Protein chains: 2
Amino acid sequence: MKSITIKKGQIIQHPGDANPKVYKVVSGLLRVYALDQKGKEHIFLFGPEGWIVADGVPLNAPAVLFIDALEDSTLEVTDRVQQNLDKITIDPLIKRISVLQNRVIMLLSASAIQRYEHFEETYPSIVQRVPQKMIASYLGITPEALSKVKSQKAKSKL
Amino acid sequence: MKSITIKKGQIIQHPGDANPKVYKVVSGLLRVYALDQKGKEHIFLFGPEGWIVADGVPLNAPAVLFIDALEDSTLEVTDRVQQNLDKITIDPLIKRISVLQNRVIMLLSASAIQRYEHFEETYPSIVQRVPQKMIASYLGITPEALSKVKSQKAKSKL
DNA sequence: AACCACTCTTAACCTAGATTAAGAAATGAC
DNA sequence: GTCATTTCTTAATCTAGGTTAAGAGTGGTT
């Protein structure tokens, strides 16, 4: 385990990287994302302070996702295999599975509005810290659609 | 750990059940799914023989998903907390995370056709064993849309 | 064999969200 | 403070996939 500090915008993992690491976010905010064939970003995960962020590929497999910093950040970096041996990992793994299960169910069953409201409730602090277009990307919709959704919500409250 | 056998159609877990179990599929085929507000099923996971199937809720939380049998099945049932203590769980957990990460990325970035082709490649045996409408549900589309997609694929091959 | 329940396909129509485009507002660099 | 870049909003148009409906297999059950 070692500590590093990185600047906003810095990319710390690329797809194809061998031996992807586990990052514990001490301060700042990380983003995990994929690019599709058309070069469009799809945000897989936001990692604010306290979160453990890692590419979920099988052990020994190369990375498939990008990780970069949305804010200047301080991280603790651990090797996945090492961490695995240490057996400290089970709880965070179960938490991650729970988050992902929810995400899949939401993507399968909920409309854009419902997904946005769920996100607001679940990660209120993230909403304040990242551009709307990134939240749209996390939700699987375009920034324009999110903008529309929000103005409809506002109107319906009058 | 104990072994049980169940019949096709039998529901072995309901949302709200306390202390959800871990099921190792010895033979047969399980299905994990959610119902939305309109009563529509959304398939979260197929569990053929060899797979370990469980609701991914946090330990001690009640179940949120249904589990039933799509074929007569034999299962080994374990308590999650017990299994956790046994530390045998890390590898299956990482595998599960990898599967879920892929699923989320596909749902965010790929069209219905692409998701279907990916499913065919990844789970060819499942395609043979379950009705099309269940594959559609797993992919997050309607049976009608899947039917359309497949006929378009067939035409484009001529 | 006749019936029932399910599954799949096709087609007409509809809607949520994508795309394109342009202007307004916010943020940042110098 | 000014200019440039990025972000957000609005509006017009388009399209993938949803909805509804009806007919054609396919089994299973008695």
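Structure first, text after, so check above.
My aim in this report is to walk through the structure given alongside it, one point at a time. (Residues numbered from 1 in each chain as written. Chains lettered and ligands numbered in written order. Predicted model: local features only at pLDDT ≥ 70, side-chain atom pairs only at ≥ 80, totals over all residues. Heavy atoms only, no water.)

This brings us to the sheet that holds strand S8 (residues 73-79) of chain A. All names here are of chain A. In space, the four strands of this open sheet follow the order S1-S8-S3-S6, with antiparallel pairing throughout. Because the sheet does not close on itself, it has two edges, and the strands there are strand S1 (2-6) and strand S6 (52-54). On average, adjacent strands in this sheet sit at an angle of 35 degrees to one another, irrespective of strand direction. Strand direction decides the pairing type here: strand S3 (residues 21-27) and S8, joined by six bridges, are antiparallel. (Pairing = 2+ DSSP bridges. Helix = DSSP H or I, 4+ residues; strand = E, 2+ residues; numbered from the N terminus. Axes fitted to C-alpha atoms, helices over the stretch in contact; angles between N-to-C directions.)

Time to look at the packing of aromatic side chains. All names here are of chain A. Under the definition given, this model contains twelve aromatic pairs over all chains. Judged by centre distance (5.0 Å) and plane angle (10 degrees), the rings of Tyr33 and Phe66 are stacked. Of this pair, Tyr33 sits in strand S4 (residues 29-35) while Phe66 sits in strand S7 (residues 66-69), placing them 33 residues apart in sequence. Grouping residues by exposure puts Tyr33 and Phe66 together as buried. Where Phe46 meets Phe119, the ring centres are 6.2 Å apart and the plane angle is 65 degrees; that geometry is what we call edge-to-face. Taken together, the residues Phe46 in strand S5 (residues 41-48) and Phe119 in helix H3 (residues 112-122) connect sequence positions 73 residues apart. Overall, the relative accessible area of 5% leaves Phe46 in the buried class. By relative accessible area, which is 2% here, Phe119 ends up buried. An aromatic cluster is defined as three or more aromatic residues linked by ring pairs; in this entry it consists of Phe46, Trp51, Phe119, Tyr123 and Tyr138. A cation sits over an aromatic face here: Arg103 above Tyr138, 3.6 Å from the ring centre. (Phe/Tyr/Trp six-rings, centres within 6.5 Å; stacked < 30°, edge-to-face > 60°. Buried < 20%, exposed > 50% of the residue type's maximum accessible area, 1.4 Å probe, protein only. Lys NZ or Arg CZ within 6 Å of the ring centre and 35° of its normal.)

On to the protein's contact with DNA strand D, then. Around DNA strand D there are 16 residues in total, and Gln132 and Lys133 of chain A together with Ala112, Thr142 and Ala145 of chain B lie nearest to it. Close to the protein, within 4 Å, the atoms of DNA strand D are drawn from sugar and phosphate at a rate of 74%. Contacts to DNA strand D include Gln132 of chain A, whose backbone N or O atom sits 2.8 Å from a phosphate oxygen. Within the contact set of DNA strand D, a phosphate oxygen lies 2.9 Å away from a backbone nitrogen or oxygen of Ala112 of chain B. Within the residue set of the surface near DNA strand D, elements represented by two or more residues are helix H5 (132-139) and helix H6 (143-156) of chain A together with helix H3 (112-122) and helix H6 (143-156) of chain B. Looking at side-chain class alone, the surface near DNA strand D contains five nonpolar, six polar and five charged residues. (Near = heavy atom within 4 Å. Polar contact = N/O pair within 3.5 Å; in protein donor to acceptor, adjacent residues only side chain to side chain. Nonpolar A, V, L, I, M, F, W, Y, C, P; charged D, E, K, R; others polar.)

Residue and element names in this part refer to chain B. Where H3 meets H6, the closest approach of the two axes is 10 Å, and the angle between their N-to-C directions is 80 degrees. Taken together, the axes of H3 and H6 are roughly perpendicular relative to one another. Residue-level contacts link Ala112, Ile113, Tyr116, Glu117 and Glu120 of H3 to Leu146, Val149, Lys150 and Lys153 of H6. Grouping the amino acids of the contact of H3 with H6 by side-chain chemistry returns five nonpolar, no polar and four charged. (Parallel < 35°, antiparallel > 145°, perpendicular 65-115°, else oblique. Contact = heavy atoms within 4.5 Å.)

On to the protein's contact with DNA strand C. As a matter of local geometry, DNA strand C sits amid 16 residues, with Ala112, Thr142 and Ala145 of chain A together with Gln132 and Lys133 of chain B nearest to it. Each atom of DNA strand C within 4 Å of the protein was classed as base or backbone; sugar and phosphate made up 75%. Going through the elements one at a time, H3 and H6 of chain A together with helix H5 (132-139) and H6 of chain B are the ones with two or more residues in the surface near DNA strand C. Of the residues contributing to the surface near DNA strand C, the split by class is five nonpolar, six polar and five charged.

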